[in-house]
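Residue-level listing of the chains:
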Amino acid sequence: MRETAELDSVDWLILEALQNDATLPNRSLAEAVGIAPSTCLHRVRRLRNLGVITGFHAVVDPRTTGLPLEAVVSVNVRPHTRPVVAAFRRFVMAQPETRSLFHVSGQADFLVHIAVADSTHLQAFLMDKIASRAEVRNLTSSVVLERVETRALTPPDDQRPTHRRRRV
């Protein structure tokens, strides 16, 4: 597991700004967080090198691409062993319908977020791709009625750093 990175108040401002708009030019980002552009560039590189920032992504609205129906599928696999879990993970992530996959504890082993064209496509995905796999013991699908966007990751107020990190 990755070590926790030491983040100061400016690092968090940078992270919040980039999570809300990853296309911000460095100069605009620096201005928004109140630091020099060269310092901002150095800090963003540091956050990438530490593995805090793992990538930049475009957010695509599935409705505009002809995939307006989203669902979350709860799946149980047996046996719940590392090889079975790894194979199922690879299979699900290779499917074009898959938006995200969570390996979870609780009633389900996996939660699969998918986007499909319609209920016929959903039925085919569930029956022909998921339920037909030997390791799948049961599944339940829930149609997404409303998708609330993921918001920027921020620390709780009582854990938000108030200091700036000293340069080393």
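All figures in this text were calculated on a predicted structure; none of them were measured in a lab.

Here we look at the packing of aromatic side chains
And then number 1: Inspection of every chain in the model, using the stated rule, returns one aromatic pair.
And then number 2: Summarising the aromatic geometry, the rings of F88 and F110 are spaced 4.8 Å apart at their centres and angled 45 degrees between planes, so their arrangement reads as tilted. Taken as a pair, F88 in helix α4 (residues 82–93) and F110 in strand β3 (residues 110–116) lie far apart in primary sequence, 22 residues in all. Each member of the pair, F88 as well as F110, carries the same accessibility label: buried.
And then number 3: Lying over the aromatic face of F91, R133 brings its terminal NZ or CZ to 4.1 Å of the ring centre.

A look at the side chain of N76
And then number 1: The topology assignment puts N76 in strand β1 (residues 69–77).
And then number 2: For N76, a relative accessible area of 12% puts it in the buried group.
And then number 3: Apart from the residues within four sequence positions on either side, N76 is in contact with Q107, A108, D109, E135, V136, R137 and N138.

Concerning helix α2 (residues 26–33)
And then number 1: Three or more residues of α2 are buried, namely L29, A30 and V33. End-on, the buried residues of α2 take up no more than an arc of 100 degrees, which puts them together on one face. Exposed side of α2, more than 90 degrees from the buried face: R27, E31 and A32 are the residues found there.
And then number 2: Contacts from the buried residues of α2 go to α1 (9–20) and α3 (37–49).

Digging into the sheet that holds strand β4 (residues 136–143)
And then number 1: An order of β2-β3-β1-β4 is seen for the four strands of this open sheet, with the pairing classed as antiparallel. Of all the strands in the sheet, just β2 (98–103) and β4 have a single pairing partner and so form its edges. Across the sheet, the mean angle from the axis of one strand to that of its neighbour is 20 degrees, orientation sign disregarded.
And then number 2: Where β1 meets β3, seven bridges bridge the pair, whose relative direction is antiparallel.

Rules and cut-offs
- Residues numbered from 1 in each chain as written.
- Predicted model: local features only at pLDDT ≥ 70, side-chain atom pairs only at ≥ 80, totals over all residues.
- Heavy atoms only, no water.
- Phe/Tyr/Trp six-rings, centres within 6.5 Å; stacked < 30°, edge-to-face > 60°.
- Helix = DSSP H or I, 4+ residues; strand = E, 2+ residues; numbered from the N terminus.
- Buried < 20%, exposed > 50% of the residue type's maximum accessible area, 1.4 Å probe, protein only.
- Lys NZ or Arg CZ within 6 Å of the ring centre and 35° of its normal.
- Contact = heavy atoms within 4.5 Å.
- Arc of directions from axis to C-beta.
- Pairing = 2+ DSSP bridges.
- Axes fitted to C-alpha atoms, helices over the stretch in contact; angles between N-to-C directions.

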